[in-house]
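# Understanding the architecture of this molecule
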Amino acid sequence: MEISVRPEAGELPQKTVPPQNGTTSQHRERDTPVPATKLWTTDRSEPVKLRMGTGKGPDTFPPITVPTAFERTVQKMPNQPALGVKRDGQWKKWTYQQYYTDVQRAAKSFIKLGLQPFHGVGILGFNAPEWHISYLASIYAGGLGTGIYATNTAEACQYVLEDSESNIVVVENNAQLQKILAVWDKLPHLKAIIQYTGEVAVRKENIYTWDEFMKLSNDVPNSVVNERLSNLAPNHCCTLIYTSGTTGNPKGVMQSHDSLTFLCVNGMAVYKLKIGEEVIVSYLPLSHSAGLMMDIHMPYFIGAMVYFAQPDALKGTLKNTLVECRPTMFLGVPRVWEKFAEKMQEAARSVTGIKRTIGVKAKKIGLKGVYASMRHEHKPRGWTVAQAFLFNKVKKSLGLDRCHLHVTGAAPITKETIEYFYCFNINIISVYGMSECGGPHTSETPEKFKIGSVGCEIPGVTTKLAETETPERDGSGEVCMWGRNLFMGYLNNDEKTKEAIDDEGWLRSGDIGKKDDNGFLYITGRIKELLITAGGENIAPVPVEDNVKEELPVVSNCMLIGDKMKFLSMLITLKVEVDIETGEPTDQLTPEVQDWCKSFDCNYTTLSEVLEQRNPQLFKAIQTGIDKANNRAVSRATKVQKWSILPRDFSIPGGELGPTLKLRRPIVVKMYDKTIKAFYADT
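Residues numbered from 1 in each chain as written. Predicted model: local features only at pLDDT ≥ 70, side-chain atom pairs only at ≥ 80, totals over all residues. Heavy atoms only, no water.

## Here we look at the sheet that holds strand E10 (residues 279-282)
The strand order E2-E1-E11-E10 describes an open sheet built from four strands, whose pairing is mixed. Unpaired on one side and paired on the other, strand E2 (90-95) and E10 mark the two borders of the sheet. Direction aside, neighbouring strands of the sheet carry axes that sit 20° apart on average. Where strand E1 (residues 81-87) and strand E11 (residues 305-308) come together, three bridges link them in parallel fashion. (Pairing = 2+ DSSP bridges. Helix = DSSP H or I, 4+ residues; strand = E, 2+ residues; numbered from the N terminus. Axes fitted to C-alpha atoms, helices over the stretch in contact; angles between N-to-C directions.)

So this is what it looks like as structure tokens:
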């Protein structure tokens with residue numbers, strides 16, 4: 001077995017979580033790495049050297065493939081509930097044995113339809129049991145599970161399917177089917193389409209319903225799948241994760257079996273997850289590394305139960321699923337936590353009298369209590385009463401009364417949002433990573449956290465801060481990563497892979513960070529997002545934007561402008577209601593913003609009224625908020641000089657936000673080119 005020992009490893013924690021017992025001879029065969037000479041590759045079928053550590057550290061446990069990890073859980077707890085989805089008002093559930101059986105059947109059907117080893121199986125649709133089954137079945141059949149964002153256009157789907165050389169596409173419904181039909185004639189590798197919900201509207205050769213697809217396996221012997229399994233190796237490519245492509249075509253991130261199972265082993269230890277007891281609600285895109293790890297890989301590894309939210313989860317129904325299913329762990333991107341906070345604040349405004357007085361006091365106790373936990377101090381006086389009066393009730397109303405792990409990631413979250421949930425004893429911990437490291441690289445835990453940080457390294461990985469072209473004076477540098485969690489390379493893209501992985505094998509994240517004396521990492525900016533003013537000042541936009549949102553709670557989104565300019569300006573959106581059906585922002589102001597307008601004697605209910613009437617007092621209040629944010633600026637160059645309220649909020653349908661609600665800055669710049677040029681018309 002060829003391995004690579006990481007450079008500058010330093011001392012590691014000695015605690016490790018060994019893989020479960022019960023490995024068969026067939027498992028040992030497919031769990032043995034095949035010879036490899038390089039740390040990275042862009043060839044889908046070429047293995048890589050594993051970045052295993054030496055000694056007894058948490059990066060030294062024997063490598064295993066995804067099917068081995070899955071089967072260990074099936075063997076240990078075949079009757080444990082695994083998957084659950086609500087359709088036509090009723091819950092349909094799978095045990096782990098039923099889950100495994102369906103994966104085997106789907107794998108046989110994939111092979112019968114012509115899936116070739118190391119070719120993609122594209123999966124396009126909202127989270128569902130069939131998504132999970134298709135994904136694992138593609139791996140069992142020797143293919144590459146390839147998630148496609150449900151919001152992708154037909155052309156964007158075409159690019160992913162072409163690059164991954166997908167032989168099969170699994171789609172959710174007719175809307176997604178139509179996207180593939182529009183580009184099928186441009187996809188020479190594509191052999192079949194399977195639709196997993198609803199009736200197939202277009203009946204033609206090689207288009208199947210889910211039931212028809214599963215029946216194809218009836219005359220395929222198990223030996224066909226076993227042969228594909230015997231050719232797997234931990235250092236082979238297992239899955240493709242396509243980046244969101246905000247600055248060009250998406251890149252196919254190749255993740256090995258070992259990187260995924262390594263993260264499962266360490267995740268179980270870091271978060272103290274209990275085998276067979278955890279419950280998860282799946283709603284974030286499974287085509288993203290966070291959703292893939294949290295909703296598929298970690299659950300099968302620990303025998304967790306996964307409930308699926310409804311397809312309109314992010315349009316308002318997520319809370320209903322949470323209340324019904326009561327997860328024990330929950331991952332929310334910052335915008336999801338912000339939306340929860342907005343609804344809670346709206347409800348709080350209707351509380352009056354003694355209840356309001358007690359509630360305010362209880363929230364102060366909650367905030368003090370979580371900060372006391374951060375410092376490992378005793379809870380403040382009144383904690384037990386506040387817990388009974390407020391904390392427990394709020395958690396139950398959110399469906400988080402059983403939740404021991406509240407996580408945020410994928411984008412920066414504001415201190416204001418974190419502290420708001422601290423008030424209810426909901427400790428949201430931050431996780432930092434990227435598709436290229438499979439998920440988490442650093443993480444806070446409920447026992448070890450610092451507000452503003454993204455935690456410490458998970459066991460078995462290493463971080464160094466490399467000098468950038470414009471070195472910071474506070475010890476910051478580009479965050480570079482080493483560990484078994486790192487990707488194999490970008491599929492078919494030598495140039496981008498060489499940019500991402502340096503000559504020693506370190507992954508360059510593109511993020512700027514710094515560490516404190518206790519090992520906590522703080523992300524202070526992103527190299528590609530840095531604004532370099534005409535005066536040569538390097539400015540990270542996120543801290544400036546966060547300051548503005550903290551001073552102006554009515555602001556939904558804001559984006560700093562000023563690259564190569566003499567001063568900074570800002571695009572601002574106000575909070576508006578979102579159309580439940582389409583997910584698009586409406587013109588209707590939220591109750592919070594309406595109340596704010598009334599404080600200036602403006603009975604505005606729509607954003608159009610704000611922009612048309614331009615009340616001087618109201619606009620002066622916004623300027624006052626900007627001024628307060630500017631008072632916190634680290635230098636004169638980082639102060640916002642001009643700003644403009646945009647006529648609509650940012651959204652996924654509008655294109656300003658990506659599938660994980662991350663701001664797509666280059667696209668926003670193009671969309672509001674005239675507004676931006678107006679800022680600098682006199683310079």
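## Quick look at the pairing of E1
The two faces of a sheet get side chains in turn, since along a regular strand they alternate between them. Two elements, E1 and E2, share six bridges in a ladder whose sense is antiparallel. If you follow Val85 over to E2, its bridge partner there is Lys92. The turn linking E1 back onto E2 is made up of two residues, and Asp88 within it adopts a positive phi angle of 55°.

## Thoughts on the packing of aromatic side chains
Counted by the stated rule, this structure contains 27 aromatic pairs. The interplanar angle of 65° and the centroid separation of 5.2 Å between the aromatic rings of Tyr420 and Phe424 together place this pair among those described as edge-to-face. Across this residue pair, the class does not change: Tyr420 and Phe424 are buried. Through successive ring pairs, a cluster of aromatic residues spans Tyr283, Phe330, Trp337, Phe340, Tyr420, Phe421 and Phe424. Directly above the aromatic system of Trp482 lies the positively charged group of Arg51, at a separation of 4.4 Å from the ring centroid. (Phe/Tyr/Trp six-rings, centres within 6.5 Å; stacked < 30°, edge-to-face > 60°. Buried < 20%, exposed > 50% of the residue type's maximum accessible area, 1.4 Å probe, protein only. Lys NZ or Arg CZ within 6 Å of the ring centre and 35° of its normal.)

## Brief notes about the sheet that holds strand E18 (residues 477-482)
The strand order E17-E18-E20-E21 describes an open sheet built from four strands, whose pairing is antiparallel. A single partner strand is all that each edge strand has here, and the edge strands are strand E17 (462-466) and strand E21 (521-526). Each strand axis lies, on average, 50° off the axis of its neighbour in the sheet, ignoring direction. The pairing of E17 with E18 spans five bridges and is antiparallel. Note that in E18 the partner of Leu465 across the bridge is Val479.

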